[in-house]
Amino acid sequence: MKYDFVIVGAGYSGCVLAERIATQLNKKCLIVEKRNHIGGNCYDYFDDNGVLVHKYGPHIFHTQMKKVWDYLSQFTDWIPYEHKVKAVIDGTEVTVPFNFNSIHTVYNKDKAQKLEDLLLETYGSGVKIPILKLRETSNEDLKELAEYIYEKVFLGYNLKQWGMKPEELDPSVSGRVPVFLSRDDRYFQDTYQAIPKFGYTKMFQKMINNKNINLLLQTDYKDVLDDLDYEKLIYTGHIDYYFDFKLGRLPYRTLNFDMQTVNKEYFQSGAQINYPNDHKYTRITEFKHLTKQKHSKTTIAYEYPEEYEFGKNDPYYPIPKKENLELFEKYKELADKEKNVYFVGRLADYKYYNMDQTVGVALQLFEKRIAKR
Ligand code: FAD
Ligand code: UDP
C-alpha cells in the first residue's frame, strides 16, 4: 500500500495530524507506534479492578484556546473538572499554587494578614509571581515568606523531580506553579477545564477512526521505514533518536508509577497530593477524583522520578536548561534540513508542552505547512 504520510507516534501530535490529513486532505496515513496502544502519554485504561486510570500519570485538560477546545470537542464529551492540589508541609495539607489560603494555613492570623496586605500593596491582587522572582524581593517580611515557600514547596520537590534545584532549571519550570495573590484554590485558571467523559483513549480512537488511517502498533519506525512506500514523514518521537544521537544525547526525565488499588471508596482528600519534603515520591494521584467514576475501590499512583536511560524507560520530560536547549537547537538545524520530514510534539520539539499546546502546535503545522502545499 502506498501512503501519503507515515506518522511516527500515536500520541496527540500524531493522532491530530493523522485526523487532519485524512479528513481535510483525503490522504492516506500510516501511524507507526512502538507501544501497544494509542494515546501516547495520555493513554488511560480500566485496571484489573475496573478503575479508570491514567497509565502515565494524571492528565488534566485545561486551555484558554477555544480553537483547541472546539477541535477536541468533536471527538469527546467532557466532564467539567477543576484541578486542586495540596502539598503536605510539616504534616498539614496546604493549597498549591501557594496563595492567600496557604498563607493563612501556615501562619497565625495576624502574621498571615500582614503578609497578605504586604503582597497586595507590593504586587496587586490576582497577580502570579514565580517563586524565583519573589525571592528577589528586598522587603524582609516578603523575603522570609519567599524563603519559606522555596524551602517547603519547591526545593525538595525539585530535587526529587529533576535531581536539581529550581534555579538550575529554566525559570519557566517552577514558574508553572507561581505564588498566586488570590483565594482561588484552583491549580489552573483557564476558561476550559475538563476530562474526556469516556476517557482519553476513547477520544483518540474516535479521532483516528477513518478509512484513510492505518495503525501499526508495537513497532519502532526504524524497523519498518525502509519497507514502506510513502511520500512524507511526520516524526513525534525524541529528536536525538531520529538522528542516531549523532550530536550526543538529549537528557530527559522519567517517572516510575506505582499503582495500588485500595479496598475503600476514597484514599485521600483530592485528586493530587504533593509531598515536596517527605518520601521518595513527589505526589500521589487518586484517579476517581478526576474521572468522577463511582466504584467501591480506588486506585492511586505514587510517582517516583527517575533518570532516563535509553532502552530502559520512557522519556517523559525534556529538561529545560541552557545547555540542553543549545544541544536541541543543533538537532533542530539538522531537522530543518531534512526533506519531506516534519518534526512535531513534546519530544521532537524538546518542549514542556501541555496537552493543549501540543494540539495547538499540531493544528498550526497542519494549517501553515501541510495543507498549504
Ligand atoms: P507523546 O504523548 O509522548 O507521544 C509520542 C508517541 O510516539 C508515544 O506514544 C511514543 O511511544 C511514540 N514513539 C516515540 N518514538 C517512537 C518510535 N521510534 N517508533 C514508534 N513510535 C514512537 N498535559 C496537560 O495538559 N495536563 C496534564 O495534566 C498533563 N500531565 C502530564 C503528566 C505527565 C506525567 C506527563 C509526562 C505529561 C503530562 N502532560 C500533561 C503533557 C502531555 O502528556 C503531553 O503534552 C502530550 O502527551 C504530548 O503529546 P505528543 O504526541 O507530543 O507526545
Ligand atoms: N513544583 C514544585 N512543588 C510542587 C509543585 C510543582 O516544586 O508542589 C515545581 C516542580 O519544579 C515541577 C514544576 O513546578 O516540576 C511544574 O509542576 P507541574 O505540576 O506543572 O508538573 P507536571 O504535572 O508537568 O509534572
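Since this is a predicted model, take the numbers as computed values, not measurements.

### Quick notes on the sheet that holds strand β5 (residues 61-63)
Piece 1. Taken together, three strands build an open sheet; the order of strands is β5-β11-β6 and the sheet is antiparallel. The sheet is open, and its two borders are formed by β5 and β6 (78-80), each paired with just one other strand. Taking the axes of each pair of neighbouring strands and ignoring which way they run, one obtains an average angle of 40 degrees across the sheet.
Piece 2. Relative to strand β11 (residues 192-196), β6 runs antiparallel, the two being bridged by three bridges. Its bridge partner lying in β11, Pro-80 is registered against Ala-194.

### Here we look at the nonpolar core
Piece 1. With 79 residues, the main nonpolar core has Tyr-12, Leu-72 and Ile-149 as its most contacted residues.
Piece 2. Excluding residues that lie within four positions of it along the chain, Leu-72 makes contacts with Tyr-12, Phe-61, Trp-78, Met-203, Met-207 and Val-359.
Piece 3. Ranked by size, the runner-up nonpolar core spans 38 residues in total, among them Val-32, Leu-255, Phe-257 and Ile-319.

### Examining the packing of helix α1 (residues 12-24) against helix α8 (residues 200-208)
Piece 1. Contact geometry of α1 with α8 gives a least axis separation of 8 Å together with a crossing angle of 30 degrees. Put simply, α1 runs roughly parallel to α8. Residues Tyr-12, Cys-15, Val-16, Ala-18 and Glu-19 of α1 lie in contact with α8, whose contacting residues are Tyr-200, Met-203, Phe-204, Met-207 and Ile-208.
Piece 2. Considering only residue class, the contact of α1 with α8 consists of nine nonpolar, no polar and one charged.

### Considerations on the pattern of salt bridges
Piece 1. Evaluated as defined, the whole model comprises 22 salt bridges.
Piece 2. Between Lys-111 and Glu-144 there is a salt bridge whose closest N-O contact spans 2.7 Å. With Lys-111 in helix α4 (residues 109-123) and Glu-144 in helix α6 (residues 140-162), this pair connects stretches of sequence that are 33 residues apart.
Piece 3. Salt-bridge contacts for Glu-323 lead to Lys-321; the nearest nitrogen and oxygen are separated by 3.7 Å.
Piece 4. Given a relative accessible area of 18%, Lys-321 falls into the buried group.
Piece 5. Where salt bridges share partners, they join Lys-2, Asp-229 and Glu-231 into one cluster.

### Comments concerning unusual backbone geometry
Piece 1. Put simply, Val-96 and Pro-97 share a cis peptide bond, and its omega is 0 degrees.
Piece 2. Tracing the backbone through its elements, the reader meets Pro-97 in the loop between β8 (92-96) and α3 (100-106).
Piece 3. At Asn-26, a position not held by glycine, the phi torsion is positive, near 55 degrees.
Piece 4. One non-glycine residue, Asn-340, lies in positive phi territory at about 60 degrees.

### So, the site of ligand 2
Piece 1. Surrounding ligand 2, one finds 14 residues, the nearest of these being Trp-162, Arg-176, Tyr-187, Tyr-317 and Tyr-352.
Piece 2. Between ligand 2 and the protein, one listed contact pairs an oxygen atom with a side-chain N or O atom of Trp-162 at 2.9 Å.
Piece 3. The contact in question runs from an oxygen atom of ligand 2 to an N or O atom on the side chain of Tyr-187, over 2.5 Å.
Piece 4. Here ligand 2, which alone exposes 520 Å², has 93% of that area covered by the protein.
Piece 5. Tallied by class, residues from the shell around ligand 2 come to nine nonpolar, three polar and two charged.

### A few points about the site of ligand 1
Piece 1. Close to ligand 1 lie 32 residues, the nearest being Ser-13, Glu-33, His-59, Ile-60 and Met-355.
Piece 2. Between ligand 1 and Ser-13 there is a distance of 2.8 Å, counted from an oxygen atom to a side-chain nitrogen or oxygen.
Piece 3. In the environment of ligand 1, an oxygen atom lies 2.7 Å from a nitrogen or oxygen atom belonging to the side chain of His-59.
Piece 4. Coverage of ligand 1 by the protein amounts to 96% of the 1000 Å² it exposes when considered alone.
Piece 5. Secondary structure elements with two or more residues in the shell around ligand 1: α1 and α13 (355-370).
Piece 6. Taken together, the residues of the shell around ligand 1 break down into 15 nonpolar, 12 polar and five charged.

### What to know about the side chain of Glu-116
Piece 1. Here Glu-116 is to be found in helix α4.
Piece 2. On the basis of relative accessible area, Glu-116 is assigned to the buried category, the value being 9%.
Piece 3. There is a polar contact of 2.7 Å between the side chain of Glu-116 and the side chain of Arg-183.
Piece 4. With residues near it in sequence (within four places) discarded, Glu-116 still touches Phe-100, His-104 and Arg-183.

### Brief notes about the packing of aromatic side chains
Piece 1. Following the criterion strictly, the structure yields 33 aromatic pairs and no others.
Piece 2. When the ring of Tyr-221 is compared with that of Tyr-242, the centres are 6.5 Å apart and the planes differ by 5 degrees; the resulting orientation is stacked. Pair noted here: Tyr-221 is in helix α9 (residues 221-224) and Tyr-242 is in helix α10 (residues 239-242), with a separation of 21 residues, a long-range link.
Piece 3. Plain terms: the ring middles of Tyr-281 and Tyr-304 are 5.7 Å apart, the flat faces sit at 85 degrees to each other, and that makes the pair edge-to-face.

### Re the pairing of strand β14 (residues 252-262)
Note on strand geometry: in a regular strand, side chains alternate between the two faces of the sheet.
Piece 1. Both β14 and strand β18 (residues 317-318) contribute to a ladder of two bridges, which runs antiparallel. The partner of Arg-253 across the bridge, within β18, is Tyr-317.

### Quick word on the packing of α4 against α6
Piece 1. Taken N-terminus to C-terminus, the directions of α4 and α6 make an angle of 105 degrees; their axes are 10 Å apart at the nearest point. Taken as axis vectors, α4 and α6 run roughly perpendicular relative to one another. Where α4 abuts α6, its residues Lys-111, Lys-114, Leu-115, Leu-118, Leu-119, Thr-122 and Tyr-123 lie against Asp-141, Leu-142, Glu-144 and Leu-145.
Piece 2. For the contact of α4 with α6, the per-class residue count stands at six nonpolar, one polar and four charged.

The rules behind these values
Residues numbered from 1 in each chain as written. Chains lettered and ligands numbered in written order. Predicted model: local features only at pLDDT ≥ 70, side-chain atom pairs only at ≥ 80, totals over all residues. Heavy atoms only, no water. Pairing = 2+ DSSP bridges. Helix = DSSP H or I, 4+ residues; strand = E, 2+ residues; numbered from the N terminus. Axes fitted to C-alpha atoms, helices over the stretch in contact; angles between N-to-C directions. Core = buried A, V, L, I, M, F, W, Y, C linked by side-chain atoms within 4.5 Å. Buried < 20%, exposed > 50% of the residue type's maximum accessible area, 1.4 Å probe, protein only. Contact = heavy atoms within 4.5 Å. Parallel < 35°, antiparallel > 145°, perpendicular 65-115°, else oblique. Nonpolar A, V, L, I, M, F, W, Y, C, P; charged D, E, K, R; others polar. Salt bridge = Lys/Arg side-chain N within 4 Å of Asp/Glu carboxyl O. Near = heavy atom within 4 Å. Polar contact = N/O pair within 3.5 Å; in protein donor to acceptor, adjacent residues only side chain to side chain. Areas by Shrake-Rupley, 256 points an atom, 1.4 Å probe, with all protein chains shown as cover. Phe/Tyr/Trp six-rings, centres within 6.5 Å; stacked < 30°, edge-to-face > 60°.

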